[in-house]
Amino acid sequence: MATAANTIEQVKERIEEVTPEQAREEIERGDVVLLDTRELTEWNESHLEGATLVPPIEVTDRADEVAPDSGRRVLIYCASGNRSARAADELQALGYESVASVAGGIKAWEAAGLPVIGAEGLTPEQRMRYSRHTLLPEVGVEGQAKLLASKVLLLGAGGLGSPSALYLAAAGIGTIGIVDDDLVDESNLQRQVIHDTTRVGAPKTESARQTIERLNPDVDVIEHRTRLGSENVLELLEPYDMIVDGADNFPTRYLLNDASVRLRKPVVSASILGFEGQVSTFVPYEGPCYRCLYPTPPPPELAPSCGAAGVLGVMAGVMGLLQANEVIKLAAEIGEPLVGRLLLYDSLGTRFTELKVRRDPECPICGPDAEEIPESELGKFPDYEAFCAGRPVAA
Ligand SMILES: [Zn+2]
(Lines give C-alpha, C1' and ligand atoms only; values in the text may rest on other atoms or scores of the structure.)
Protein backbone atom coordinates (compact mmCIF):
# COMPACT_ATOMS: atom_id res chain seq x y z
CA MET A 1 0.00 0.00 0.00
CA ALA A 2 1.37 3.41 -0.89
CA THR A 3 1.97 5.69 2.03
CA ALA A 4 2.69 9.36 2.28
CA ALA A 5 6.27 8.46 3.16
CA ASN A 6 6.76 7.30 -0.41
CA THR A 7 8.38 10.01 -2.43
CA ILE A 8 6.77 10.68 -5.78
CA GLU A 9 9.90 9.30 -7.43
CA GLN A 10 9.50 6.02 -5.59
CA VAL A 11 5.85 5.84 -6.54
CA LYS A 12 6.59 6.51 -10.19
CA GLU A 13 9.10 3.67 -10.25
CA ARG A 14 6.36 1.24 -9.26
CA ILE A 15 3.79 2.30 -11.83
CA GLU A 16 3.50 2.58 -15.58
CA GLU A 17 3.47 6.02 -17.17
CA VAL A 18 2.33 6.78 -20.69
CA THR A 19 2.80 9.93 -22.71
CA PRO A 20 -0.27 11.97 -23.65
CA GLU A 21 0.11 10.75 -27.24
CA GLN A 22 0.15 7.12 -26.16
CA ALA A 23 -2.85 7.74 -23.93
CA ARG A 24 -4.70 9.32 -26.84
CA GLU A 25 -4.07 6.27 -29.01
CA GLU A 26 -5.33 3.94 -26.33
CA ILE A 27 -8.41 6.06 -25.71
CA GLU A 28 -9.22 6.11 -29.40
CA ARG A 29 -8.85 2.35 -29.67
CA GLY A 30 -11.47 2.13 -26.91
CA ASP A 31 -11.95 -0.27 -24.01
CA VAL A 32 -10.12 2.03 -21.62
CA VAL A 33 -11.42 3.38 -18.34
CA LEU A 34 -10.29 6.99 -18.20
CA LEU A 35 -10.13 8.60 -14.76
CA ASP A 36 -9.44 12.21 -13.86
CA THR A 37 -8.07 12.49 -10.35
CA ARG A 38 -8.25 16.19 -9.58
CA GLU A 39 -10.70 18.46 -7.80
CA LEU A 40 -14.02 19.62 -9.19
CA THR A 41 -12.84 23.19 -9.78
CA GLU A 42 -9.99 21.91 -11.96
CA TRP A 43 -12.28 19.52 -13.81
CA ASN A 44 -14.61 22.40 -14.55
CA GLU A 45 -11.79 24.34 -16.20
CA SER A 46 -11.09 21.54 -18.64
CA HIS A 47 -11.01 17.77 -18.79
CA LEU A 48 -10.75 14.95 -21.29
CA GLU A 49 -13.76 13.63 -23.14
CA GLY A 50 -15.06 10.38 -21.68
CA ALA A 51 -13.25 10.81 -18.36
CA THR A 52 -14.79 10.22 -14.95
CA LEU A 53 -13.87 12.55 -12.13
CA VAL A 54 -12.64 10.89 -8.97
CA PRO A 55 -10.83 13.30 -6.64
CA PRO A 56 -7.59 11.93 -5.07
CA ILE A 57 -9.10 11.37 -1.65
CA GLU A 58 -11.87 9.20 -3.15
CA VAL A 59 -9.80 6.94 -5.40
CA THR A 60 -9.58 3.98 -3.04
CA ASP A 61 -13.16 4.20 -1.81
CA ARG A 62 -14.74 4.63 -5.21
CA ALA A 63 -12.51 2.32 -7.25
CA ASP A 64 -15.22 -0.36 -7.49
CA GLU A 65 -17.70 2.19 -8.77
CA VAL A 66 -15.56 4.06 -11.31
CA ALA A 67 -13.63 1.03 -12.56
CA PRO A 68 -15.63 -2.08 -11.68
CA ASP A 69 -13.47 -4.45 -13.75
CA SER A 70 -10.00 -4.68 -12.22
CA GLY A 71 -8.77 -6.60 -15.26
CA ARG A 72 -9.55 -3.74 -17.62
CA ARG A 73 -7.07 -1.11 -18.73
CA VAL A 74 -7.26 2.04 -16.61
CA LEU A 75 -5.67 5.36 -17.56
CA ILE A 76 -5.47 8.10 -14.97
CA TYR A 77 -4.49 11.69 -15.36
CA CYS A 78 -4.34 14.75 -13.13
CA ALA A 79 -2.92 18.23 -13.69
CA SER A 80 0.76 17.34 -14.03
CA GLY A 81 1.10 13.62 -13.36
CA ASN A 82 1.83 13.34 -9.65
CA ARG A 83 -1.60 12.78 -8.16
CA SER A 84 -2.39 10.35 -10.96
CA ALA A 85 0.83 8.45 -10.24
CA ARG A 86 -0.24 8.02 -6.64
CA ALA A 87 -3.74 7.02 -7.71
CA ALA A 88 -2.29 4.42 -10.11
CA ASP A 89 -0.19 3.09 -7.25
CA GLU A 90 -3.29 2.82 -5.05
CA LEU A 91 -5.24 0.99 -7.73
CA GLN A 92 -2.38 -1.44 -8.30
CA ALA A 93 -2.36 -2.14 -4.58
CA LEU A 94 -6.08 -2.89 -4.85
CA GLY A 95 -5.35 -5.52 -7.48
CA TYR A 96 -5.88 -3.61 -10.72
CA GLU A 97 -3.85 -5.38 -13.36
CA SER A 98 -3.19 -2.72 -15.95
CA VAL A 99 -3.08 0.86 -14.75
CA ALA A 100 -1.12 3.74 -16.21
CA SER A 101 -0.70 7.37 -15.30
CA VAL A 102 -0.52 10.03 -18.00
CA ALA A 103 2.91 11.64 -17.61
CA GLY A 104 2.72 15.39 -17.32
CA GLY A 105 -1.06 15.24 -16.86
CA ILE A 106 -3.59 17.35 -18.69
CA LYS A 107 -1.05 20.19 -18.90
CA ALA A 108 1.23 18.06 -21.06
CA TRP A 109 -1.82 16.81 -22.96
CA GLU A 110 -2.88 20.35 -23.78
CA ALA A 111 0.70 21.40 -24.55
CA ALA A 112 0.78 18.58 -27.11
CA GLY A 113 -2.22 20.21 -28.78
CA LEU A 114 -4.61 17.38 -27.93
CA PRO A 115 -8.31 18.19 -27.47
CA VAL A 116 -9.96 18.87 -24.14
CA ILE A 117 -13.45 19.78 -23.13
CA GLY A 118 -13.25 23.24 -21.70
CA ALA A 119 -15.60 25.35 -19.69
CA GLU A 120 -16.05 27.72 -22.60
CA GLY A 121 -19.43 29.31 -22.51
CA LEU A 122 -19.73 29.12 -18.71
CA THR A 123 -18.86 32.24 -16.78
CA PRO A 124 -17.18 31.95 -13.35
CA GLU A 125 -20.60 32.70 -11.79
CA GLN A 126 -22.21 29.93 -13.82
CA ARG A 127 -19.50 27.50 -12.82
CA MET A 128 -20.38 28.18 -9.20
CA ARG A 129 -24.13 28.17 -9.73
CA TYR A 130 -24.20 24.89 -11.63
CA SER A 131 -21.32 23.12 -9.87
CA ARG A 132 -23.63 20.43 -8.49
CA HIS A 133 -24.66 19.65 -12.06
CA THR A 134 -21.19 19.76 -13.57
CA LEU A 135 -19.98 17.49 -10.78
CA LEU A 136 -22.19 14.77 -12.20
CA PRO A 137 -20.14 13.01 -14.88
CA GLU A 138 -23.35 12.42 -16.89
CA VAL A 139 -23.99 16.15 -17.05
CA GLY A 140 -20.63 17.88 -16.76
CA VAL A 141 -19.81 21.23 -18.27
CA GLU A 142 -20.99 20.02 -21.68
CA GLY A 143 -24.36 18.98 -20.33
CA GLN A 144 -24.80 22.26 -18.51
CA ALA A 145 -23.92 24.16 -21.68
CA LYS A 146 -26.62 22.17 -23.47
CA LEU A 147 -29.15 23.11 -20.80
CA LEU A 148 -28.21 26.78 -21.10
CA ALA A 149 -28.62 26.59 -24.85
CA SER A 150 -31.98 24.86 -24.75
CA LYS A 151 -35.36 26.43 -25.35
CA VAL A 152 -38.37 24.97 -23.61
CA LEU A 153 -41.98 26.03 -24.05
CA LEU A 154 -44.34 25.55 -21.12
CA LEU A 155 -48.01 25.25 -21.91
CA GLY A 156 -49.54 26.82 -18.86
CA ALA A 157 -48.06 28.36 -15.72
CA GLY A 158 -50.51 26.40 -13.60
CA GLY A 159 -50.28 23.36 -11.37
CA LEU A 160 -47.84 21.39 -13.51
CA GLY A 161 -46.13 24.34 -15.16
CA SER A 162 -45.30 26.09 -11.87
CA PRO A 163 -43.04 23.44 -10.33
CA SER A 164 -41.62 22.54 -13.75
CA ALA A 165 -40.75 26.14 -14.45
CA LEU A 166 -39.11 26.66 -11.07
CA TYR A 167 -36.81 23.66 -11.40
CA LEU A 168 -36.10 24.17 -15.09
CA ALA A 169 -35.13 27.74 -14.31
CA ALA A 170 -32.95 26.70 -11.39
CA ALA A 171 -31.32 24.08 -13.63
CA GLY A 172 -30.36 26.77 -16.10
CA ILE A 173 -32.62 26.03 -19.05
CA GLY A 174 -31.59 29.10 -21.02
CA THR A 175 -34.91 30.04 -22.59
CA ILE A 176 -38.29 29.33 -21.07
CA GLY A 177 -41.39 30.35 -22.98
CA ILE A 178 -44.70 30.34 -21.15
CA VAL A 179 -48.09 30.23 -22.83
CA ASP A 180 -50.90 31.31 -20.54
CA ASP A 181 -53.58 33.95 -20.79
CA ASP A 182 -54.91 33.49 -17.28
CA LEU A 183 -54.61 35.65 -14.18
CA VAL A 184 -53.42 34.42 -10.79
CA ASP A 185 -56.38 33.42 -8.66
CA GLU A 186 -56.38 32.76 -4.93
CA SER A 187 -57.49 29.18 -5.53
CA ASN A 188 -54.33 28.59 -7.60
CA LEU A 189 -51.94 29.16 -4.71
CA GLN A 190 -52.54 25.76 -3.11
CA ARG A 191 -50.33 24.22 -5.84
CA GLN A 192 -49.14 26.83 -8.34
CA VAL A 193 -46.03 27.62 -6.33
CA ILE A 194 -44.41 29.97 -8.82
CA HIS A 195 -47.07 32.57 -7.88
CA ASP A 196 -47.71 34.10 -4.49
CA THR A 197 -50.34 36.00 -2.57
CA THR A 198 -49.13 39.41 -3.71
CA ARG A 199 -49.61 38.39 -7.36
CA VAL A 200 -53.30 37.56 -7.18
CA GLY A 201 -54.91 39.27 -10.16
CA ALA A 202 -51.66 39.54 -12.13
CA PRO A 203 -51.12 37.73 -15.42
CA LYS A 204 -49.64 34.30 -14.74
CA THR A 205 -46.92 34.74 -17.34
CA GLU A 206 -45.78 37.97 -15.70
CA SER A 207 -45.86 36.48 -12.21
CA ALA A 208 -43.89 33.44 -13.39
CA ARG A 209 -41.36 35.62 -15.17
CA GLN A 210 -40.75 37.70 -12.05
CA THR A 211 -40.18 34.63 -9.91
CA ILE A 212 -37.85 33.03 -12.46
CA GLU A 213 -35.83 36.19 -12.95
CA ARG A 214 -35.25 36.42 -9.23
CA LEU A 215 -34.29 32.77 -9.06
CA ASN A 216 -31.92 32.69 -12.00
CA PRO A 217 -30.91 35.68 -14.14
CA ASP A 218 -29.44 33.28 -16.72
CA VAL A 219 -32.91 32.39 -17.90
CA ASP A 220 -34.57 34.31 -20.68
CA VAL A 221 -38.32 34.18 -20.05
CA ILE A 222 -40.62 34.77 -22.98
CA GLU A 223 -44.21 35.54 -22.14
CA HIS A 224 -46.89 34.37 -24.55
CA ARG A 225 -50.00 35.90 -23.04
CA THR A 226 -52.35 34.08 -25.33
CA ARG A 227 -54.34 30.87 -25.73
CA LEU A 228 -53.09 28.07 -27.88
CA GLY A 229 -55.22 27.70 -30.98
CA SER A 230 -54.88 26.12 -34.39
CA GLU A 231 -54.15 29.59 -35.79
CA ASN A 232 -51.07 30.21 -33.61
CA VAL A 233 -49.82 26.78 -32.49
CA LEU A 234 -47.21 26.23 -35.22
CA GLU A 235 -45.81 29.71 -34.84
CA LEU A 236 -45.63 29.40 -31.03
CA LEU A 237 -43.92 26.00 -31.05
CA GLU A 238 -41.48 26.68 -33.86
CA PRO A 239 -38.67 28.47 -31.91
CA TYR A 240 -38.55 25.87 -29.11
CA ASP A 241 -36.71 22.57 -28.76
CA MET A 242 -39.41 20.84 -26.74
CA ILE A 243 -42.70 21.46 -25.02
CA VAL A 244 -43.96 20.79 -21.50
CA ASP A 245 -47.67 20.12 -21.64
CA GLY A 246 -49.29 21.35 -18.47
CA ALA A 247 -52.67 22.37 -19.81
CA ASP A 248 -55.19 19.88 -18.57
CA ASN A 249 -57.79 19.91 -21.28
CA PHE A 250 -58.18 17.54 -24.15
CA PRO A 251 -58.67 19.92 -27.08
CA THR A 252 -55.34 21.57 -26.26
CA ARG A 253 -53.63 18.23 -25.88
CA TYR A 254 -54.76 17.04 -29.31
CA LEU A 255 -53.88 20.36 -30.88
CA LEU A 256 -50.43 20.33 -29.29
CA ASN A 257 -49.90 16.73 -30.32
CA ASP A 258 -50.78 17.27 -33.95
CA ALA A 259 -48.63 20.38 -34.24
CA SER A 260 -45.66 18.90 -32.38
CA VAL A 261 -45.66 15.76 -34.52
CA ARG A 262 -45.68 17.92 -37.61
CA LEU A 263 -42.77 20.01 -36.28
CA ARG A 264 -41.04 16.92 -34.82
CA LYS A 265 -40.77 18.48 -31.37
CA PRO A 266 -40.79 16.31 -28.24
CA VAL A 267 -43.61 16.88 -25.77
CA VAL A 268 -43.43 15.95 -22.11
CA SER A 269 -47.02 15.46 -21.12
CA ALA A 270 -48.55 15.00 -17.69
CA SER A 271 -51.98 15.15 -16.18
CA ILE A 272 -53.32 15.07 -12.66
CA LEU A 273 -56.67 14.48 -11.05
CA GLY A 274 -57.43 13.96 -7.41
CA PHE A 275 -54.67 11.80 -6.03
CA GLU A 276 -53.54 10.38 -9.35
CA GLY A 277 -51.23 11.50 -12.08
CA GLN A 278 -49.66 10.26 -15.26
CA VAL A 279 -46.69 11.32 -17.32
CA SER A 280 -45.12 10.31 -20.62
CA THR A 281 -42.70 11.71 -23.16
CA PHE A 282 -43.76 11.85 -26.77
CA VAL A 283 -40.89 12.03 -29.23
CA PRO A 284 -42.40 12.14 -32.73
CA TYR A 285 -41.70 9.03 -34.81
CA GLU A 286 -39.44 7.56 -32.11
CA GLY A 287 -42.33 6.51 -29.93
CA PRO A 288 -46.10 6.81 -29.91
CA CYS A 289 -47.81 10.17 -30.03
CA TYR A 290 -50.65 11.30 -27.80
CA ARG A 291 -53.22 10.11 -30.34
CA CYS A 292 -51.61 6.66 -30.48
CA LEU A 293 -52.25 6.51 -26.75
CA TYR A 294 -55.67 8.16 -26.79
CA PRO A 295 -57.22 7.86 -30.27
CA THR A 296 -60.38 9.51 -28.96
CA PRO A 297 -60.92 11.72 -25.95
CA PRO A 298 -62.78 10.30 -22.96
CA PRO A 299 -66.47 11.18 -22.60
CA PRO A 300 -66.92 14.72 -21.29
CA GLU A 301 -68.25 13.53 -17.92
CA LEU A 302 -64.86 11.90 -17.28
CA ALA A 303 -62.83 14.84 -18.49
CA PRO A 304 -61.42 16.67 -15.48
CA SER A 305 -61.17 20.03 -17.20
CA CYS A 306 -64.88 20.29 -17.76
CA GLY A 307 -65.57 21.41 -14.24
CA ALA A 308 -63.81 22.39 -11.10
CA ALA A 309 -62.17 19.18 -9.97
CA GLY A 310 -60.19 18.62 -6.83
CA VAL A 311 -56.52 17.83 -6.85
CA LEU A 312 -53.99 17.30 -4.12
CA GLY A 313 -51.60 20.23 -4.47
CA VAL A 314 -48.56 18.05 -3.94
CA MET A 315 -49.62 15.92 -6.92
CA ALA A 316 -49.03 18.87 -9.21
CA GLY A 317 -45.54 19.20 -7.74
CA VAL A 318 -44.69 15.53 -8.11
CA MET A 319 -45.89 15.25 -11.68
CA GLY A 320 -44.56 18.66 -12.71
CA LEU A 321 -41.12 17.69 -11.43
CA LEU A 322 -41.22 14.37 -13.26
CA GLN A 323 -41.83 16.47 -16.36
CA ALA A 324 -38.89 18.72 -15.53
CA ASN A 325 -36.74 15.63 -15.07
CA GLU A 326 -37.70 14.43 -18.55
CA VAL A 327 -36.89 17.84 -20.02
CA ILE A 328 -33.45 17.93 -18.40
CA LYS A 329 -32.65 14.48 -19.75
CA LEU A 330 -33.78 15.36 -23.26
CA ALA A 331 -31.91 18.67 -23.19
CA ALA A 332 -28.69 17.21 -21.79
CA GLU A 333 -29.10 14.07 -23.91
CA ILE A 334 -28.69 11.71 -21.00
CA GLY A 335 -30.64 8.83 -19.50
CA GLU A 336 -33.69 7.07 -20.77
CA PRO A 337 -36.71 9.23 -21.53
CA LEU A 338 -40.27 8.04 -20.91
CA VAL A 339 -40.76 7.31 -24.60
CA GLY A 340 -43.28 4.55 -25.20
CA ARG A 341 -43.96 4.38 -21.49
CA LEU A 342 -46.80 5.83 -19.49
CA LEU A 343 -45.94 6.30 -15.84
CA LEU A 344 -48.86 6.33 -13.45
CA TYR A 345 -48.61 7.62 -9.91
CA ASP A 346 -51.10 6.94 -7.16
CA SER A 347 -50.28 9.27 -4.31
CA LEU A 348 -52.66 7.74 -1.75
CA GLY A 349 -50.98 4.37 -2.10
CA THR A 350 -47.60 5.88 -3.05
CA ARG A 351 -47.33 3.54 -6.02
CA PHE A 352 -45.82 4.01 -9.44
CA THR A 353 -47.00 1.82 -12.30
CA GLU A 354 -45.53 1.78 -15.78
CA LEU A 355 -47.47 0.86 -18.90
CA LYS A 356 -45.90 0.15 -22.27
CA VAL A 357 -47.40 2.19 -25.07
CA ARG A 358 -46.81 1.39 -28.72
CA ARG A 359 -47.13 3.40 -31.87
CA ASP A 360 -50.47 2.85 -33.55
CA PRO A 361 -49.98 1.93 -37.23
CA GLU A 362 -53.44 3.38 -37.85
CA CYS A 363 -52.61 6.69 -36.12
CA PRO A 364 -54.03 9.52 -38.23
CA ILE A 365 -51.17 11.81 -37.18
CA CYS A 366 -47.95 9.80 -36.87
CA GLY A 367 -48.89 6.55 -38.63
CA PRO A 368 -47.23 5.58 -41.92
CA ASP A 369 -50.40 6.36 -43.86
CA ALA A 370 -51.17 9.61 -42.07
CA GLU A 371 -52.15 12.35 -44.45
CA GLU A 372 -51.05 15.93 -44.08
CA ILE A 373 -53.95 17.85 -42.60
CA PRO A 374 -54.60 21.54 -43.17
CA GLU A 375 -53.51 23.85 -40.38
CA SER A 376 -57.07 24.72 -39.47
CA GLU A 377 -57.75 21.03 -38.80
CA LEU A 378 -54.88 20.58 -36.33
CA GLY A 379 -56.13 19.13 -33.08
CA LYS A 380 -59.61 18.46 -34.38
CA PHE A 381 -61.63 15.34 -33.78
CA PRO A 382 -65.21 14.57 -34.78
CA ASP A 383 -67.05 15.67 -31.67
CA TYR A 384 -64.62 18.44 -30.84
CA GLU A 385 -67.28 21.09 -30.29
CA ALA A 386 -69.28 18.85 -27.99
CA PHE A 387 -66.28 18.61 -25.76
CA CYS A 388 -65.57 21.23 -23.12
CA ALA A 389 -67.52 24.16 -24.37
CA GLY A 390 -66.03 26.47 -21.76
CA ARG A 391 -62.52 27.82 -21.71
CA PRO A 392 -59.77 25.37 -20.91
CA VAL A 393 -58.99 25.08 -17.24
CA ALA A 394 -55.32 24.79 -16.48
CA ALA A 395 -54.29 22.12 -14.03
ZN1 LIG B 1 -49.56 8.67 -33.28
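Scroll up for the structure.
Keep in mind it's a predicted model, so treat the numbers as computed, not measured.

Engineer: Got a sec to walk through the overall build of the protein chain? Specific residues and values, please.
Structural biologist: Regarding its fold elements, the protein chain presents 15 helices and 15 strands. Based on the C-alpha atoms only, the size of the protein chain along its principal axes is roughly 80 × 50 × 45 Å. Counting all 395 residues of the protein chain, 52% fall into the buried class. Taking contacts inside the protein chain between residues at least 6 apart in sequence as the whole, the part at least 24 apart equals 69%. The distance from the centre of the 36 positive side-chain charges to the centre of the 62 negative ones in the protein chain is 2 Å.

Engineer: Quick rundown of the sheet that holds strand E8 (residues 151–155)? Include the residues and the values.
Structural biologist: Sheets are built from strands paired through backbone hydrogen bonds, the pairs being either parallel or antiparallel. Within the open sheet, the eight strands sit side by side as E10-E9-E8-E11-E12-E13-E14-E15. Their pairing is mixed. Looking at which strands have only one partner, the edges of the open sheet turn out to be strand E10 (220–224) and strand E15 (351–356). With direction set aside, neighbouring strand axes in the sheet form an average angle of 15°. As defined by bridge partners, strand E14 (residues 341–346) adjoins E15 across six bridges and the pair is classed as antiparallel. Paired with Tyr345 across the strands is Phe352, a residue of E15. The sheet strands contacting helix H13 (residues 250–263) are E8, strand E11 (242–245) and strand E12 (267–273), and the helix crosses E12 at an angle near 170°.

Engineer: Tell me about the coordination of the zinc ion, and please be specific about residues and values.
Structural biologist: Ligation of the zinc ion by protein atoms is provided by Cys289 (SG), Cys292 (SG), Cys363 (SG) and Cys366 (SG), these donors lying 2.2 to 2.3 Å from the ion. Its four donor atoms give the zinc ion angles of 93 to 120° at the centre, a pattern that matches the tetrahedral case. We note that the donor set of the zinc ion lies within a single chain, spaced as C-x2-C-x70-C-x2-C. Take Cys289: its relative accessible area is 2%, and that puts it in the buried class.

Engineer: Break down the side chain of Ser280 for me, with residues and values.
Structural biologist: Structurally, Ser280 is set in strand E13 (residues 276–282). There is a polar contact of 3.3 Å between the side chain of Ser280 and the backbone oxygen of Leu338. Ser280 has contacts with Val267, Val268, Ser269, Leu338, Arg341 and Leu342, leaving out every residue within four places of it along the chain.

Engineer: Residue-level account of helix H9 (residues 140–149), with values.
Structural biologist: Every α-helix winds through 3.6 residues per turn, so residues three or four apart in the chain are directed the same way. Turning to H9, its buried residues are Gly140, Val141, Gly143, Gln144, Leu147 and Leu148. Buried residues along H9 cover an arc of 160° about the axis, so they all sit on one side. Contact partners of the buried residues in H9: helix H3 (40–45), strand E7 (117–118), helix H7 (124–129), helix H8 (131–134), helix H10 (161–171) and helix H15 (313–332).

Engineer: Can you break down the sheet that holds strand E5 (residues 73–77) residue by residue, with the values?
Structural biologist: Overall, parallel pairing links the five strands, which are arranged E1-E6-E5-E2-E4 in an open sheet. Every interior strand has two partners, whereas the edge strands, strand E1 (16–18) and strand E4 (52–53), have only one. Examined bridge by bridge, strand E2 (residues 32–36) and E5 share five bridges and lie parallel to one another. Bridge assignment links Val33 to a residue of E5, and that residue is Val74.

Engineer: Quick rundown of the pairing of E14? Include the residues and the values.
Structural biologist: Here E13 runs beside E14; their pairing, made up of four bridges, is antiparallel. Its bridge partner lying in E14, Gly277 is registered against Tyr345. Hairpin connection between E14 and E15: a loop of four residues separates the two successive antiparallel strands, and Thr350 in this loop has a positive phi of roughly 50°.

Engineer: Explain the packing of H10 against helix H11 (residues 204–215) to me, and be specific about the residues and the numbers.
Structural biologist: Running from N to C, H10 and H11 point in directions that differ by 30°, and their axes come no closer than 9 Å. On the basis of their axis angle, the class for H10 and H11 is roughly parallel. Pair H10 / H11 crosses with right-handed handedness. Together, Ala165, Leu166, Ala169 and Ala170 of H10 and Thr211, Ile212 and Leu215 of H11 make up the contact between the two elements. Its residues assigned to classes, the contact of H10 with H11 comprises six nonpolar, one polar and no charged.

Engineer: Just give me the short version of unusual backbone geometry, but keep the residues and values in it.
Structural biologist: With a phi angle near 55°, Arg264 is a residue other than glycine that sits in the positive phi range. Relative to the helices and strands, Arg264 is located in the loop between H13 and E12. For Arg264, a relative accessible area of 57% puts it in the exposed group. Phi angles above zero are rare outside glycine, and Thr350 is one such case at about 50°. With respect to the helices and strands, Thr350 occurs in the loop between E14 and E15. Residue Thr350 is classed as exposed on the basis of its relative accessible area of 57%.

Engineer: I'd love a proper account of the environment of Gly143, names of residues and values included.
Structural biologist: Residue position: Gly143 is located in helix H9. Taking relative accessible area as the criterion, Gly143 reaches 3% and is therefore assigned buried.

Engineer: How would you summarise the packing of aromatic side chains if you had to cite specific residues and measurements?
Structural biologist: What describes a pair of aromatic rings is the distance from one ring centre to the other and the angle between the planes of the rings. Tallied over the full model, the rule gives four aromatic pairs. Ring geometry for Tyr254 versus Tyr290: centroids 5.4 Å apart, planes at 75°, classification edge-to-face. Remark: Tyr290 occurs in helix H14 (residues 290–293) and Tyr254 occurs in helix H13; sequence separation between them is 36 residues. Under the relative-accessibility criterion, Tyr254 is labelled buried at 0%.

Analysis parameters
Residues numbered from 1 in each chain as written. Predicted model: local features only at pLDDT ≥ 70, side-chain atom pairs only at ≥ 80, totals over all residues. Heavy atoms only, no water. Helix = DSSP H or I, 4+ residues; strand = E, 2+ residues; numbered from the N terminus. Buried < 20%, exposed > 50% of the residue type's maximum accessible area, 1.4 Å probe, protein only. Contact = heavy atoms within 4.5 Å. Lys, Arg positive; Asp, Glu negative; His and termini not counted. Charge placed at Lys NZ, Arg CZ, Asp CG, Glu CD. Pairing = 2+ DSSP bridges. Axes fitted to C-alpha atoms, helices over the stretch in contact; angles between N-to-C directions. Donors = N, O, S within 2.8 Å, 3.2 Å for Na, K, Ca; no water. Tetrahedral: all angles 85-135°; square planar, octahedral: opposite > 155°, others 65-115°. Polar contact = N/O pair within 3.5 Å; in protein donor to acceptor, adjacent residues only side chain to side chain. Arc of directions from axis to C-beta. Parallel < 35°, antiparallel > 145°, perpendicular 65-115°, else oblique. Left-handed = near helix turned anticlockwise from the far one by under 90°. Nonpolar A, V, L, I, M, F, W, Y, C, P; charged D, E, K, R; others polar. Phe/Tyr/Trp six-rings, centres within 6.5 Å; stacked < 30°, edge-to-face > 60°.

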